[in-house]
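Commentary on secondary and tertiary structure
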Amino acid sequence: MTRDHILFYINGQRIQLAGPLVFRRLSEFLRDERRLPGTKIVCAEGACGSCSVLKGEMQDGALRYRAVNSCLQSLFQLDGSHVVTVEGLAQGGTFSAVQDAMIAAHGAQCGYCTPGFVVALTAAQEQGVTAEDLPESLSDNLCRCTGYLPILEAGRGIKGDAYRPLAQSYPPGVMTADFGAHRNADVEIAAGGRTVFAPATLERAIQVKRAHPEAVIVSGATELAVPPSATLDDGRVLLSLGRIAELSEVRRDGDTLILGAGATWTQVETAARTHCPELAPFLRRFAAPQLRNVGTVAGSIVHGSAIADSLPPLFVLEATLELTGAGSRRLAPVREFSPSALAGGLVSRVFVPLPRLGQTLRLFKVSGRRGFDRSVVSAAFLLEAGGGRIQTLRVALSGVGPRVMRLPRTEEFLQGLPLEEDALCAAQEPLRAEIAPVSDGRGSAEYRGLLAENMLLKFFHSLDAHSLDAHGQSAHGLEGSA
Amino acid sequence: MAGAVGQSLPHDSLRGHVIGRSVFLADVPPVQGELTVDTACSPVAHGAITGIDLEDARRVPGIVGLYTAADVPRTNYFGPIVGDDRLLAEGDVLYQGEPVVLIAGETPEAVREARKRIRFEISPLTPITTIDAAIAAGSFLGPQREVRRGDAEGALRDAENVLQGRMEIGGQEHLYLESQGAIAYPGEDGQLVIHASTQNTTEIQDVVAEVLGLGQHQVVCICKRMGGAFGGKETQAALPALMAALVAHKTGRAARCLYGKADDMRRTGKRHPYRAEYEVGFTGEGVISALKAAFYSDGGATTDLSPGIMDRTLFHVDNAYFLPHVALTGRICRTHLPSNTAFRGFGGPQGVAVVENIMEEIAQTLGLDAFEVRRRNCYGAGARSVTPYGQTVPDGGALPALFQRLAGTAEYLSRRESVAAFNARSRTHVRGLSMTLVKFGISFTSTFLNQANALVNVYKDGTVQVSTGGAEMGQGLNTKIKQLVADELGVLPDGVRVMPVSTEKNNNTPPTAASAGTDLNGSAAVLAAAAIRRRLARFAADLLAQENGLPVQDPAAQIAFAEGCVYDRRAPERQIPFGELAHRAHRERIDLGERNFYKTPGLGKDRPFFYYTLGGALAEVCIDRLTGEMAVERVDILMDIGRSINPAIDRGQLLGGFVQGMGWVTTEKLKYGEDGTLLSWPVSGYKIPSVLDLPPVFNVAFVEGAENPENVASSKAVGEPPLLLAISVWTAAKNALSFVCDGVPRLNLPATGEEILLCLHRQGRKTGGGDA
């Protein structure tokens, strides 16, 4: 069963689309084709939140709305979803509670970032974000005028009962029935010399992959859609995995967290709160909400950036990838992944062994800006200690070489040493010999080298409660959750 | 009766903003036949153009025009002060991203394709990309600028203590969210109407006329609103406007030139990076006797506003402090980078950063508390109230009082102790606490710019339109003007609309800049409204005298305008709705429109500034000694802004200005390669503060009961000064580092994590508890 078009809704209006427009970005489509210019395009690279819209997707039979950057969403990724723009929030001349609160709190000056903030505040309402988590939920959105405080005050000023959920403004029945009736069909659209496949099953995706080895695989597209990389815009054949339900599972099986390849980092973060509390705050700092809402587990691993924050924890936890081909499944350590491994198939799942009793996981990230920034250096440590000695200490670092790396010689050096500051200081020398930091726009080689060395001490101090004043601990360290 | 002035009315565009219905330039639907305009830019910072090959690009379907400097009708050169900016590179290229070829096409795709197919032959020349290299090469823009008083050399020789230092101060990308842009519409007889995102409609009118060889009367420039500007659209909005105008002029078709953000960041100028070399003499009590300082700014490729910016630096080195003997010099370095330009503070922040740094260094050298050093140096009464440039700081007690009051409410002394105790205890973190002041001079230092005109039209139903040269960029100017005019006419603010800026309505206007938008345009609007009110008062006096059977005495005193009604004070029960009065006045052929003019009074050689806006901020920071990361934990601000026209809008300016300044002194680091390539680019590569950078405790207050009677509604300007208060965050970082460093910490600005960690690496004592 195949469809030659996509089906989605914008502000309650049904849109069935085929032809070359399906390759366009949602932000441009809204502005140029639908006359909905409230959605502003500023950076066009997912770095400012100005083009945020709400994307409602089926989850447990209902539409769940999350904020996404419309500049990173190609229309073919929207099949089966309901997009609500800033124009769709005020209905029949009545402003939403969020809009009223923004007015009451003087939450805008020039107004260019405002629609994005209204959308992010609405998403926070939809998800029941607590007052404490409100700033984090707005951290994808940049404002250059207000200093943010009035916007936070607006968010805090929304009374729970004043907010009317989107499910009331847009009764989901017709949409969910429509989506349900079309969800099992594979989508294939050829237009303007390009083809996009958006299959409904992993099996079909693997067939497409075999038939079109050159296909650009699109998952969340948070990297692919960023200019000037033109992969997404120049690829003749695209294979979009976003419709495959089986790829988005996240569940715990014994001591293992099983992550579907297409699980978003938002899903992982939610699961981590229960199953791996050290990981959750790290994931919140890893990426801002609009990116976590679409970026996927496999996308991050396959992209394999030298500063991928996902990789240090997966490296020290010795996570395993499941690669699924036609009739075959094989496992490989995440650490050993290289793109050539995808020749015969696709990443289907990632198995993450959770820290066991007696193991201590610590994660650190240093970035130029505290929120919503790529790493300069990030680090993961997994310790097993006993009798005051380090039995094993696994160490992984990003940002200090061409790829994220484990540090086997440093680990070997530390094995059996007393769990004392001096031992970690002494390990700075072998660590320095193992890394090869370079200078770039985010930091000099010297800075990165110092950070990498100091990560050993950060780790040590995160263990020793007496060495840290309660205030000092809260300043930056993600260790606070331990 | 409560008027509109003093009320926290919402920004007049706020409702439109929150529902996405406010129209910005990019939201204007294209007209039929409208062309897209972009440029092919220089890939190198400096070089001689030996060839431009357009043949391949010409063949791209949909390309309507390709223009080089040779195609510019009258002059390729323009500029606010010197006229050394140019529309298109000619002979050589002066910075990476300098436009060389203008491309006009039917679609953005055609323009993009043509851009790829244009070939330049440029023989590269060695670019100057740093202040160091410019000084070594003697590459400067304009003459040295100076401010001197007394005998600084002699006083330094005699000084009890002398401290020398050098400070590198980074620039700042404006990052207004709406990038530069303009749309030009051709009219009859060579006329052009240009819609631009600009702080300076008049300048666009001027330069378009000049470059195209038109009379200024043939060009209209309109600005409805800007999606942020911060100084970046004072002069540099002219380039995209010229591009669109040239294409419209050549083709007779509408032309749209909107920069993408990434291009905007690479092509346009920023806040000037500075170097300061200083020598300061002071007593054992930390009282300054002399300051000698040499400032070097990186002006970039052309003059732009750099001389005015340097002047403001030299006028703000004193900040809140009396400096008996001064010798200040300023040189503008010419480099091969995009020409640096106005940015909120306009050179003031760099001057203030230097003197506030000096305060910290004196304190650290003498082992005194920096707060105490600042207090001892603060402007006071009598001889201690005169600035190095001869202007008296009135009410010399205001600054020390503000200082003391903030120290009290923010509990400086007790927190000083907790910080020291924390630092003695913590092995991994170190805290700092610092208070800085601001005394920001309000007025354009180019005196002729301190003028404005306003047009007020009352319609027959009593509603009012106001037009000025003051452009709305989010700062709330329109709302404040609305409030002022509403009160002058005694009508409700909803009955007043402030209209888009257009050179057709308001001629020869200054840029909306220097924090003076409301002062100048609001004053002119009040004068115009007052003239209409006087006319209506005379008319109403006759009308009501007849009805009430009372004689006409003094209409101005006798007739009241309030809450949308007009009445004779002697018989207030008979009220005429303002709309009815307007209607009847019109029938009696009374003029219901007025254009009026305002110029700031009293400015002169020893008084460059009409008045000063004052404030203070106390910042507390916490630094992670292992990573260099810094968190701003608490900020307390107190400002004297006179009597606020709109407290909510002024609070917004204060918060926004402070956070923008915090970005400048912390995370916003501009980086260039040696070849002049911008590395801190695009938005993901340049870190303005996010919501998570806000101090968890952020107290802001205005001095209550403050007045500024010479200015409109006794208010003070508020746009720029709060930005300078964020220097307290930087000095707090320096203060924190002094607890754990050997000697005075050598810290440049911005204090990024990298800057701090490297400072700790060079000078820091091993982690293990501060003993300071």
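Residues numbered from 1 in each chain as written. Chains lettered and ligands numbered in written order. Predicted model: local features only at pLDDT ≥ 70, side-chain atom pairs only at ≥ 80, totals over all residues. Heavy atoms only, no water.

1. What about the overall build of chain A?
Regarding its fold elements, chain A presents 19 helices and 19 strands. Taking 23 Å as the expected radius of gyration for a compact globule of 482 residues, we find that chain A reaches 23 Å, a close match to that expectation. A principal-axis box enclosing the C-alpha atoms of chain A has dimensions of 70 × 55 × 40 Å. Among the 482 residues that make up chain A, the fraction classed as buried is 61%. Taking contacts inside chain A between residues at least 6 apart in sequence as the whole, the part at least 24 apart equals 64%. Carbon and sulfur atoms provide 50% of the accessible area of chain A, an area that totals close to 17400 Å². Positive and negative charge centroids in chain A, built from 47 and 50 side chains respectively, lie 4 Å apart. (Helix = DSSP H or I, 4+ residues; strand = E, 2+ residues; numbered from the N terminus. Rg over C-alpha atoms; globule rule 2.2 N^0.38 Å. Buried < 20%, exposed > 50% of the residue type's maximum accessible area, 1.4 Å probe, protein only. Contact = heavy atoms within 4.5 Å. Areas by Shrake-Rupley, 256 points an atom, 1.4 Å probe, with all protein chains shown as cover. Lys, Arg positive; Asp, Glu negative; His and termini not counted. Charge placed at Lys NZ, Arg CZ, Asp CG, Glu CD.)

2. What about the sheet that holds strand S17 (residues 375–386) of chain A?
All names here are of chain A. A sheet is described by the order of its strands in space; here 4 strands give the open sequence S16-S17-S18-S19, paired in antiparallel fashion. Looking at strand neighbours, the two that pair on one side only are strand S16 (359–367) and strand S19 (405–406), the edges of this open sheet. Against the sheet, helix H11 (residues 279–286) touches S16 and S17, its axis set at about 20 degrees to S16. Of the strands in this sheet, S16, S17 and strand S18 (389–398) touch helix H18 (residues 445–463), which is tilted by about 35 degrees from S17. (Pairing = 2+ DSSP bridges. Axes fitted to C-alpha atoms, helices over the stretch in contact; angles between N-to-C directions.)

3. What to know about helix H15 (residues 517–548) of chain B
All names here are of chain B. Taking 1.5 Å of rise per residue, 32 residues should cover 46 Å, and H15 covers 43 Å from first to last C-alpha, within 8% of that figure. Of all 32 residues that make up H15, 24 are buried, and the element is covered over most of its length. Within two residues after H15, Gly549 carries a phi angle of roughly 65 degrees, on the positive side. (Expected span 1.5 Å × (residues − 1).)

4. Section: the nonpolar core
Core analysis: the biggest nonpolar cluster contains 213 residues, and Leu291 and Phe658 of chain B have the highest contact counts within it. It is H15 of chain B that contributes the most residues to this core, 13 residues altogether. Those residues within four positions of Leu291 of chain B in sequence are excluded, and the remaining contacts are Ala152, Tyr278, Glu279, Val280, Val317, Leu323, His325, Val326, Ala327, Leu328 and Ile358 of chain B. Listed in part, the 88 residues of the second largest apolar core include Ile10, Val53, Ile206 and Leu321 of chain A. (Core = buried A, V, L, I, M, F, W, Y, C linked by side-chain atoms within 4.5 Å.)

5. Concerning the packing of aromatic side chains
Applying the stated criterion to the full structure yields 19 aromatic pairs over all chains. Clustering of aromatic rings is evident, with ring pairs tying together Phe315, Tyr389, Phe609 and Tyr612 of chain B. When the ring centre of Phe23 of chain A is taken as reference, the NZ or CZ atom of Arg194 of chain A above it lies at 4.3 Å. Above the ring of Phe140 of chain B, the side-chain terminus of Arg331 of chain B is found at 4.1 Å from the ring centroid. (Phe/Tyr/Trp six-rings, centres within 6.5 Å; stacked < 30°, edge-to-face > 60°. Lys NZ or Arg CZ within 6 Å of the ring centre and 35° of its normal.)

6. Topic: the interface of chain A and chain B
Taken residue by residue, the interface counts 78 residues in chain A and 75 residues in chain B. The junction of chain A with chain B conceals about 6400 Å² of combined surface from both sides, 61% of it contributed by carbon and sulfur atoms. Where chain A packs against chain B, one counts 8 salt bridges. The salt bridge partner of Arg144 of chain A is Glu668 of chain B, with a shortest N-O separation of 2.7 Å. Viewed at the interface, chain B and chain A are joined by 26 residue pairs in polar contact (both at pLDDT 80 or more). For the side of chain A that touches chain B, the elements supplying multiple residues, two or more each, are helix H2 (97–104), helix H3 (114–127), helix H4 (134–137), helix H5 (149–156), S16, helix H16 (421–426), H18 and helix H19 (470–475) of chain A. Element by element, the count of residues in the side of chain A that touches chain B is highest for H18 of chain A, at 9 residues. Tallied by class, the residues present in the side of chain A that touches chain B amount to 35 nonpolar, 23 polar and 20 charged. (Buried area = accessible area lost by both parts, 1.4 Å probe. Salt bridge = Lys/Arg side-chain N within 4 Å of Asp/Glu carboxyl O. Polar contact = N/O pair within 3.5 Å; in protein donor to acceptor, adjacent residues only side chain to side chain. Nonpolar A, V, L, I, M, F, W, Y, C, P; charged D, E, K, R; others polar.)

7. Considering the side chain of Thr201 of chain B
Looking at where Thr201 of chain B falls in the secondary structure, it is placed in helix H6 (residues 201–212). When neighbours within four sequence positions are excluded, Thr201 of chain B is seen to be in contact with Cys221, Ile222, Cys223, Val501, Thr503 and Thr509 of chain B.

8. Let's talk about empty space enclosed by the protein
A full pass over the atoms with the stated rule returns 11 cavities of 30 Å³ or more. Computed from the structure, the largest cavity encloses a volume of approximately 280 Å³. Forming the walls of the largest cavity are 22 residues, and the residues nearest its centre are Phe78, Asp85, Tyr95, Gln236 and Leu239 of chain B. Among the secondary structure elements, those contributing two or more residues to the lining of the largest cavity are strand S5 (85–86) and H6 of chain B. When grouped by side-chain class, the residues that make up the lining of the largest cavity number 9 nonpolar, 7 polar and 6 charged. Forming the boundary of the second largest cavity are 18 residues, of which Gly368 and Arg370 of chain A together with Met630, Thr667 and Asp693 of chain B lie nearest the centre. The leading source of residues in the lining of the second largest cavity is strand S28 (residues 630–640) of chain B, at 3 residues. (1 Å grid on protein atoms, 1.4 Å probe; cavity = no way out; pocket = protein on both sides within 12 Å on 5 of 7 lines; lining within 4 Å. Points joined across faces, edges and corners; volume = space filled by probe spheres on them.)

9. Considerations on the side chain of Asp264 of chain B
All names here are of chain B. Along the chain, the position of Asp264 falls in helix H8 (residues 261–267). Although Asp264 is buried, it makes no salt bridge; Lys261 carries the closest opposite charge, 4.6 Å away. For Asp264, the residues in contact, after removing those within four places along its chain, are Glu173, Tyr176, Ser179, Gln180 and Tyr259.

10. A look at the pattern of salt bridges
Counted according to the given criterion, the structure contains 79 salt bridges over all chains. Here Glu384 of chain A makes a salt bridge to Arg356 of chain A, at a shortest N to O gap of 3.7 Å. Here the residue Glu384 of chain A occupies a position in strand S17, and Arg356 of chain A occupies one in the loop between strand S15 (345–353) and S16, the gap between them amounting to 28 residues. For Glu384 of chain A, a relative accessible area of 23% corresponds to the partly exposed category. Its salt-bridge partner being Arg58 of chain B, residue Glu55 of chain B comes within 3.6 Å of it at the nearest N-O pair.

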